Amino acid sequence: MKNEKWKTTNGKSLSELHSQSMKLTILGSGTSVPHPDRASSAHWLQTASGSLLLDISADAAHRMAQERLDWTNLDAIWVSHFHLDHLGGLPTFLFGAKHAPQTQGRKKPLRIFGPSGIERIIKTISDSNSYALLEQPFPIEIVEVPPDAEFEILPGVFARTFSTPHTDESLALRLKDADSKLFVYTSDTGFSENLIPFAQEVDLLLMECSFRKNKPVEKHLELADAMQLAQQCRPRKVVLAHLYPEWDGFDLEADARELWSGQTIAAFDGLQLEI
Ligand SMILES: [Zn+2]
Ligand SMILES: [Zn+2]
């Protein structure tokens, strides 16, 4: 049954899915603060069975086009929480998709996953000026996801959520693809020991590291927090993103090596990684 679904969704067999690894493109390594080199949060994850946009900042649509990514056929969007540097591009992307010539022939659905309340936000924006953002040439499916949920986010890619100490609705995401590769995206989070079992031993841990040191708020991480999590989660690789301008001029990777012996990669806009 499942194999049939995979074939009809993307025309690929189970064995084909096993042969392709996930690829991550950092579209926005920055924050809500405007920055000359860092767009705000958006990351493109290409899997064997489809594409998933992890957060959708106001910069996301332009950055997808700039990286020559196939935004016309984007399969799913994950919204980690409702801060506008993670969500603000959703109405503009839907507005663009509604009217762009490239999407008029599209038939397959676009699935939007996010915390409870995401549907109300989209509908409120849509109704504020008769935008009719959910009336598209193709179906839109909104899926509200609670913490500790397990669900199939793309064919053969299974997801788990975890409530992070950032805002009430904030969720981290853990993915396992058909090849059993593991990926965690913390999005914005404060430090929590509870993240350790959730993010344990993944192939790639995409973690926020808002501040270098002396963080002004508890609801984000600074480098020492991030490296403590890395040390205890033992990922194969860490990518640190959501970098505030406080990081400008510092060598993040060198700083990280003093705290953790594993591989830490400083995110930049346009970085591409195989998972
Ligand atoms: Zn943020
Ligand atoms: Zn946030």
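Everything quoted here is computed from the prediction, not taken from an experiment.

What counts, and at which threshold
Residues numbered from 1 in each chain as written. Chains lettered and ligands numbered in written order. Predicted model: local features only at pLDDT ≥ 70, side-chain atom pairs only at ≥ 80, totals over all residues. Heavy atoms only, no water. Helix = DSSP H or I, 4+ residues; strand = E, 2+ residues; numbered from the N terminus. Buried < 20%, exposed > 50% of the residue type's maximum accessible area, 1.4 Å probe, protein only. Contact = heavy atoms within 4.5 Å. Pairing = 2+ DSSP bridges. Right-handed = clockwise from strand over helix to strand, strands pointing away. Donors = N, O, S within 2.8 Å, 3.2 Å for Na, K, Ca; no water. Tetrahedral: all angles 85-135°; square planar, octahedral: opposite > 155°, others 65-115°.

Describe the environment of Asp148, with residues and values.
Tracing the backbone shows Asp148 in the loop between β6 (140-144) and β7 (150-154). Residue classification places Asp148 among the exposed positions, given a relative accessible area of 64%. The sequence separation of Asp148 and Leu171 amounts to 23 residues, and the corresponding C-alpha distance is 9.1 Å. With sequence-adjacent residues up to four places away left out, Asp148 is seen in contact with Thr161 and Phe162.

Explain the pairing of strand β12 (residues 238-241) to me, and be specific about the residues and the numbers.
Here β12 shows no split at all, with Val238 and Leu240 on one side and Val239 and Ala241 on the other all buried. Bridge analysis of strand β11 (residues 204-208) against β12 gives four bridges, and the strand direction is parallel. Considered in β12, the bridge of Leu206 is made with Val239. In this region the chain leaves β11, passes through helix α8 (residues 223-233) and returns to the parallel neighbour β12; the handedness of that crossover is right-handed. Where β12 meets strand β13 (residues 264-266), three bridges bridge the pair, whose relative direction is parallel. Its bridge partner being in β13, Val239 is matched across the sheet by Ile265. Crossover handedness for the path β12 to helix α9 (residues 252-257) to β13: right-handed.

Could you give me a rundown of the coordination of the zinc ion (ligand 1), with the residues and numbers involved?
Summarising the metal site, the zinc ion (ligand 1) is bound by the protein donors Asp85 (OD), His86 (NE2), Asp188 (OD) and His242 (NE2), whose distances to it range over 2.1 to 2.2 Å. Classification of the site at the zinc ion (ligand 1) rests on its four donor atoms, whose angles at the metal span 87 to 166°, yielding the label irregular. All donors of the zinc ion (ligand 1) come from a single chain, and their spacing in sequence reads D-H-x101-D-x53-H. The metal-metal distance between the zinc ion (ligand 1) and the zinc ion (ligand 2) is 3.4 Å, with Asp188 coordinating both. With His86 in helix α4 (residues 84-87) and Asp188 in the loop between β10 (182-187) and α7 (195-198), the pair connects residues that are 102 residues apart, well separated along the chain. Asp188 carries the same exposure label as His86, and that label is buried.

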